[in-house]
Amino acid sequence: MEILINDDFDLDKITNSGQAFRIKVFEDGRYRFVTENHILYIKKNNNAAGKHYDIEMFSAESRVDSEKNAGTITDSATFSATAVSSLEEWDTVWVPYFDLDRSYSSIRSLVPANDKYLKLTADYGIGLRILKQNPWEMLITFIISQRKNIPAIKESVEKICRAYGRTISTPYEEFSLFPSADEMSAATLEELRKCSLGYRDTYILDAVDRVTSGKLALESLGTEDYDTIFNSLLEVRGVGAKVSNCICLFAYAQFSAAPVDTWIAKVIDKYYNGINPFPSYGDVAGIMQQYIFYYAQTHKEDF
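First, a word on what this report is: a plain description of the structure on this page. (Residues numbered from 1 in each chain as written. Predicted model: local features only at pLDDT ≥ 70, side-chain atom pairs only at ≥ 80, totals over all residues. Heavy atoms only, no water.)

### Considering the overall build of the chain
Now for step 1: Regarding its fold elements, the chain presents 13 helices and 9 strands.
Now for step 2: Computed over the C-alpha atoms, the radius of gyration of the chain is 19 Å, within 12% of the 19 Å expected from 2.2 N^0.38 for a compact globule of 303 residues.
Now for step 3: Scored against the burial criterion, the 303 residues of the chain give a buried share of 54%.
Now for step 4: Restricting the contact set of the chain to residue pairs at least 6 apart, pairs at least 24 apart contribute 68%.
Now for step 5: For the chain, the computed accessible surface area is about 13,700 Å², with 47% contributed by carbon and sulfur atoms. (Helix = DSSP H or I, 4+ residues; strand = E, 2+ residues; numbered from the N terminus. Rg over C-alpha atoms; globule rule 2.2 N^0.38 Å. Buried < 20%, exposed > 50% of the residue type's maximum accessible area, 1.4 Å probe, protein only. Contact = heavy atoms within 4.5 Å. Areas by Shrake-Rupley, 256 points an atom, 1.4 Å probe, with all protein chains shown as cover.)

Next comes the structure, spelled out in structure tokens:
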């Protein structure tokens, strides 16, 4: 199936922007994205004029193997994903996921001429988009992300998926889906330690407990305002302002959220005289932050 994307869209920049840790790149230029039980393979069609992409979509049945005890580290049966040929899947799942109803080229035009660093980074980052991802996955992966580099984050996330998620088969590969909170409900500290989580293992257990018990209703949070979402997430052990803002931005599309990590803090100190510039960008602050973060990550020699 072929689709046309007219706005800013760069698969490589999206993959390497630090907001998702399970994107896979194949040697033939194909990219695999997964959100919940939806799977997308997408590749730039270089033989067609314009921004044409070849896509293949699959859906994995939302159920747990009855022979697998949820939350235990055992091998699960492999389920074959079902091919989806309807554009409805693209429109209802992947258009929101890639935020394709929003014009990022228009947002880049909002950068004022006197903000030269942001202008530089926005031009460099043309093609970046904010992905709208599953809140549970974002909660766990960004708890893991603290004081870890991206390869280490990916390793831990994959270990959790293999330990607790369902194994899915597509024509291209076998891999494990990100496990739900229920699938992790029987996880023990000893088991989680096998996932290279370090001190974060107790934070993960707290997150599992809060979600499965209903203390933290991640789905209903999506109807709340930024302050409510931000403060609710802070109640989870190990979630501070940066992690909460990452979840607000990458799971709940709260674009006023602009996470400040070590790299952004260095940028603020070096290029903005210690004054955080993002509040002045209001409801697109998170997109501006992403341009700067991506540039800083690929120009570490500047610091």
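What follows continues from the structure just given.
### Some remarks on the nonpolar core
Now for step 1: Among the nonpolar cores identified, the biggest contains 70 residues, and Trp-136, Leu-139, Ile-204, Leu-218 and Met-288 are the most heavily contacted of them.
Now for step 2: Among the elements that line this core, the one with the most residues is helix α13 (residues 285-298), at 9 residues.
Now for step 3: Excluding anything up to four places from it in sequence, Ile-204 contacts Ile-140, Ile-143, Ile-144, Met-184, Leu-192 and Leu-197. (Core = buried A, V, L, I, M, F, W, Y, C linked by side-chain atoms within 4.5 Å.)

### Overview of the sheet that holds strand β6 (residues 78-80)
Now for step 1: Here we have 3 strands laid out as an open sheet, ordered β6-β8-β9, and mixed in their pairing. Two strands close off the open sheet at either side, each with one partner strand: β6 and β9 (174-176). When the angles between neighbouring strand axes are averaged without regard to direction, this sheet yields 35 degrees.
Now for step 2: Pairing analysis gives 3 bridges linking β6 to strand β8 (residues 167-169), with the strands arranged parallel. Each bridged residue has a counterpart across the sheet, and for Thr-78 the counterpart in β8 is Thr-167. (Pairing = 2+ DSSP bridges. Axes fitted to C-alpha atoms, helices over the stretch in contact; angles between N-to-C directions.)

### Digging into the pairing of strand β3 (residues 31-35)
Now for step 1: Counting buried residues in β3 gives 5 out of 5 residues, a clear majority hidden from the surface.
Now for step 2: Residues of β3 alternate between two faces, with Tyr-31, Phe-33 and Thr-35 on one and Arg-32 and Val-34 on the opposite face, all of them buried.
Now for step 3: Bridging between strand β2 (residues 24-25) and β3 involves 2 bridges; their strand directions are antiparallel. When the bridges of β3 are listed, Val-25 appears paired with Tyr-31.
Now for step 4: Sheet topology note: the β3/strand β4 (residues 38-44) ladder contains 5 bridges and is antiparallel. The residue of β4 that forms the bridge with Tyr-31 is Ile-42.
Now for step 5: Turn length for the β3-β4 hairpin, with the two strands adjacent in sequence and antiparallel, is 2 residues, and the turn residue Glu-36 shows positive phi of about 55 degrees.

### Digging into the packing of aromatic side chains
Now for step 1: Counted according to the given criterion, the structure contains 23 aromatic pairs.
Now for step 2: With 4.7 Å between their ring centres and 55 degrees between their planes, Tyr-41 and Tyr-172 make a pair best called tilted. Of this pair, Tyr-41 sits in strand β4 while Tyr-172 sits in the loop between β8 and β9, and the two are 131 residues apart along the sequence.
Now for step 3: Residue classification places Tyr-172 among the partly exposed residues on the basis of a relative accessible area of 32%.
Now for step 4: Plain terms: the ring middles of Tyr-199 and Tyr-203 are 5.8 Å apart, the flat faces sit at 75 degrees to each other, and that makes the pair edge-to-face.
Now for step 5: The class of Tyr-203 is buried, set by a relative accessible area of 19%.
Now for step 6: An aromatic cluster of at least three residues, connected via ring pairs, comprises Tyr-117, Tyr-124, Trp-263, Tyr-271, Tyr-272, Tyr-294, Tyr-295 and Phe-303.
Now for step 7: Cation over ring: Arg-200 sits above Tyr-199, and NZ or CZ is 4.4 Å from the ring centre.
Now for step 8: Looking at Lys-270, its charged tip hangs above the ring of Phe-303, at a distance of 5.6 Å from the centre. (Phe/Tyr/Trp six-rings, centres within 6.5 Å; stacked < 30°, edge-to-face > 60°. Lys NZ or Arg CZ within 6 Å of the ring centre and 35° of its normal.)

### A look at helix α8 (residues 201-213)
Now for step 1: Helix length check: α8 (13 residues) gives 18 Å between terminal C-alpha atoms against 18 Å at 1.5 Å per residue, within 8%.
Now for step 2: The complete set of buried residues in α8 reads Asp-201, Tyr-203, Ile-204, Asp-206, Ala-207, Val-208, Arg-210 and Val-211.
Now for step 3: The elements touched by buried residues of α8 are α5 (135-144), α7 (189-192) and α9 (218-221).
Now for step 4: Downstream of α8 by one or two residues, Gly-214 has phi in the positive range, about 90 degrees. (Expected span 1.5 Å × (residues − 1).)

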